[in-house]
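# Examining the three-dimensional arrangement
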Amino acid sequence: DFNASLKFDYYNSMMINSVDEDGNYADLGGEFPLEENEHFNNLPVNTLQSDIQVPTNVYNKDPVILNAIYNSEALNDVFIGNFQKDPTLTWQFFGSSAGFFRLYPGIKWTPDANGVAAFDCRNRNWYIQAATSPKDIIIMVDISGSMKGLKMTIAKHTINTILDTLGENDFVNVIAYTDYVRYVEPCFKGTLVQADLDNREVTPLSASLGFSLISLTDTHARTNGQGSMCNQAIMLITDGAMEDFEAIFEEYNWPERRVRVFTYLIGREMTFAQNTKWIACNNKGYYTHISTLADVQENVMEYLHVLSRPMVINHNHDIIWTEAYMDTLFNTKAQSLLLMTSVAMPVFSKKKETLSHGILLGVVGTDVPLQEVMKLAPRYMLGPHGYAFLITNNGYILAHPDLRPLVRTWMYTHINYSNTFCPLPRASF
Ligand SMILES: *[C@@H]1O[C@H](CO)[C@@H](O)[C@H](O)[C@H]1NC(C)=O
């Protein structure tokens, strides 16, 4: 049960083993024995204890954080037990929806050059892929006159934060709207652009909403392989929605409400809060008010909770394997070319009163070096011309003798808002 006054000390991976001038251990720190371990890239680790990383923008003693960390204490013994049973296991972890990251074995976490621990497990591929099913998302951003200066900066940061929550199975498009509609990316030709020309007279917000709903319906028809599993959403970023949009929803989204609409009201002004809230609430979405840059991360994460709910109802708790990637989090020279995949699963609350809304507690996972998996197909069993390869259940190559993986950087981190940018491709075979 949630305890608002809970007092609880945990090992914070930023604070462990630090002492002040008088030799006292830091708050949330304490003595945490670390030993270099070959199995973990020669990093100093503690195989008897997991520890907790909390990103700098999350208060490390917030009651929500403290309670969730306290509730996940039992994982410690599970992690240790797993490692004893299977010594080939590498990192085991739990990423909480509250924002902390429990990692076994425990390590000392060093902040970046600015003293910031930006790592937020909720942005990682394994977290997002496990927490939601594939998503088709259209981000609609208001670029009309009032969206200047700080508001625009917040809006762009919100877009980037949403893009950071998308993975290989997701489609995305960004529409800027003002007194006319245009797609930020020009790759999406055909009906949509056509619709733009035809509807120039129509009031702008409702017109672009209409286009978005049509294009999502279209996408849905094209990618029917994903069936009802696919989440479709519009993210509306604005400082005020003033028009009569009800008719648009009535025409394109009701009564099924297949497309969810999430609204992000930017800036301090609350005049249009009622409108923006109405849009979200009547389209199975979620309304948030973002008045400062610091609000962005937490507010954007809320949509993942909403999208993870249908999964609970579907009992679709599939294990996901992320695409092959270079381990950047713990990259050391020793293992410079080790390809990894993360295997992860969502964790939902089993409390009776929460079952119907499906409260996502977080995601559990482990990193698997692909070398370990490939050992299951030894060369002598494959014959002279045989080779082994791995594909994931959603069609991505994990390992193949000819695979030349890219060191992955998020392609969207620095969008030039006027340049080409295309939907993420889905693999086809
Ligand atoms: C809540 O936490 C406080 C401090 O840790 C503790 O003294 C109290 O007994 C807890 N309350 C309940 C109902 O467990």
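Residues numbered from 1 in each chain as written. Predicted model: local features only at pLDDT ≥ 70, side-chain atom pairs only at ≥ 80, totals over all residues. Heavy atoms only, no water.

### Side note on the pairing of strand β15 (residues 339-348)
The side chains of a regular strand alternate, residue by residue, between the two faces of the sheet. Definition in use: Burial classes follow relative accessibility: with a 1.4 Å probe on protein chains only, a residue under 20% of its type's maximum area counts as buried, one over 50% as exposed, and anything between as partly exposed. Comment: elements are numbered from the N terminus, with helices defined as DSSP H or I runs of at least four residues and strands as E runs of at least two. The rule for pairing is simple: two strands pair if DSSP sees at least two bridges between them.
Of all ten residues that make up β15, eight are buried, and the element is covered over most of its length. Where strand β13 (residues 320-321) lies against β15, two bridges are found, and the strand directions are antiparallel. Along β15, the bridge assignment pairs W321 with V343. Two strands pair when backbone bridges link them, and β15 and strand β16 (residues 360-369) are joined in this way by nine bridges, in the antiparallel orientation. By the bridge assignment, F348 is partnered in β16 with L360.

### Observations regarding the nonpolar core
Cut-off, in case you're wondering: In this description, a nonpolar core means a group of buried Ala, Val, Leu, Ile, Met, Phe, Trp, Tyr and Cys residues linked to one another through side-chain atoms lying within 4.5 Å. The contact definition used throughout considers only heavy atoms, calling two residues in contact when any of these lie within 4.5 Å.
Of all hydrophobic cores here, the largest spans 69 residues; its most connected members are I139, I237, Y264 and Y303. Leaving out residues up to four positions away in the same chain, Y264 has contacts with T158, I162, M235, L236, I237, T238, T288, I290, N299, V300 and Y303. Core analysis: the second largest hydrophobic core is formed by 18 residues, M140, L209, I234 and I279 among them.

### Structural notes on helix α8 (residues 273-281)
Spelled out, the test is: The arc refers to the directions leading from the helix axis to the C-beta atoms.
Buried within α8 are the following residues: A273, T276, I279 and A280. Seen from one end, α8 has its buried residues packed into an arc of 130°, which puts them on one side. For α8, the exposed residues lying more than 90 degrees away from the buried face are Q274 and C281.

### Brief notes about the packing of aromatic side chains
We count it as follows: By convention, a stacked pair of Phe, Tyr or Trp rings (six-membered ring in the case of Trp) has centres within 6.5 Å and planes under 30 degrees apart, an edge-to-face pair has planes over 60 apart, and any other such pair is tilted.
Overall, the coordinates contain 21 aromatic pairs when judged by the stated rule. Consider the rings of F101 and W109, whose centres lie 6.2 Å apart with planes at 85°: the pair is edge-to-face. With respect to burial, F101 and W109 carry one shared label: buried. Judged by centre distance (5.3 Å) and plane angle (50°), the ring pair of W109 and F119 falls under tilted. Taken as a pair, W109 in the loop between β6 (106-107) and α3 (125-131) and F119 in the loop between β6 and α3 lie far apart in primary sequence, ten residues in all. The class for F119 is buried, based on a relative accessible area of 12%.

### Notes on the site of the ligand
Heads up, the condition is: Residues are labelled near a given molecule or strand when at least one of their non-hydrogen atoms is within 4 Å of it. Pairing of N or O atoms within 3.5 Å defines a polar contact, subject to two protein rules: one partner must be a possible hydrogen donor and the other a possible acceptor, and residues neighboring in sequence count only if both atoms are side-chain atoms. Working definition of accessibility: Shrake-Rupley area with a 1.4 Å probe, residue cover restricted to the visible protein chains. Think of it as three bins: nonpolar holds Ala, Val, Leu, Ile, Met, Phe, Trp, Tyr, Cys and Pro, charged holds Asp, Glu, Lys and Arg, and polar takes everything else, Gly as well.
Around the ligand sit N3, S5, L6 and K7, and those are all the residues in its vicinity. Within the contact set of the ligand, an oxygen atom lies 2.4 Å away from a side-chain nitrogen or oxygen of N3. For the ligand, the accessible surface in isolation is 360 Å², of which the surrounding protein chains cover 34%. Broken down by class, the residue content of the shell around the ligand amounts to one nonpolar, two polar and one charged.

### Some remarks on the sheet that holds β6
Strand pairing in a sheet relies on backbone hydrogen bonds. The paired strands run either parallel or antiparallel. Taken in spatial order, the three strands line up as β1-β2-β6 in an open sheet, and their pairing is antiparallel. At either end of the open sheet lies a strand with only one pairing partner, and these are β1 (35-37) and β6. Note: β1 against strand β2 (residues 43-46), three bridges, orientation antiparallel. The partner of E35 across the bridge, within β2, is V45.

### Topic: a nonpolar patch on the surface
The cut-off we apply is this: The patch calculation keeps residues exceeding 30% relative accessible area without a salt bridge and links them within 9 Å when they carry like charges or within 5 Å when they are nonpolar (Val, Leu, Ile, Met, Phe, Trp, Tyr). A side-chain nitrogen of Lys or Arg and a carboxyl oxygen of Asp or Glu constitute a salt bridge if their distance falls within 4 Å.
Together, Y387, F389, I391 and I397 give the surface a local cluster of nonpolar side chains, amounting to about 380 Å² of exposed area. Mapped onto the elements of the fold, Y387 is located in the loop between α12 (379-382) and β17 (390-391). The exposure class assigned to Y387 is partly exposed, which follows from its relative accessible area of 43%.

### Observations regarding the pattern of salt bridges
In the structure shown here, the tally under the stated rule is six salt bridges. Residue K151 is joined to D239 by a salt bridge in which the shortest nitrogen-to-oxygen separation is 3.0 Å. Taken as a pair, K151 in helix α4 (residues 149-164) and D239 in the loop between β10 (231-238) and α7 (246-252) lie far apart in primary sequence, 88 residues in all. In this structure K151 comes out as partly exposed when scored by relative accessible area, which is 21%. Using a relative accessible area of 9% as the deciding quantity, one classes D239 as buried. Notably, a salt bridge pairs E372 with K375, separated by 3.0 Å at the nearest N-O pair. When its relative accessible area of 27% is taken as the criterion, E372 is described as partly exposed. With a relative accessible area of 56%, K375 lands in the exposed category.

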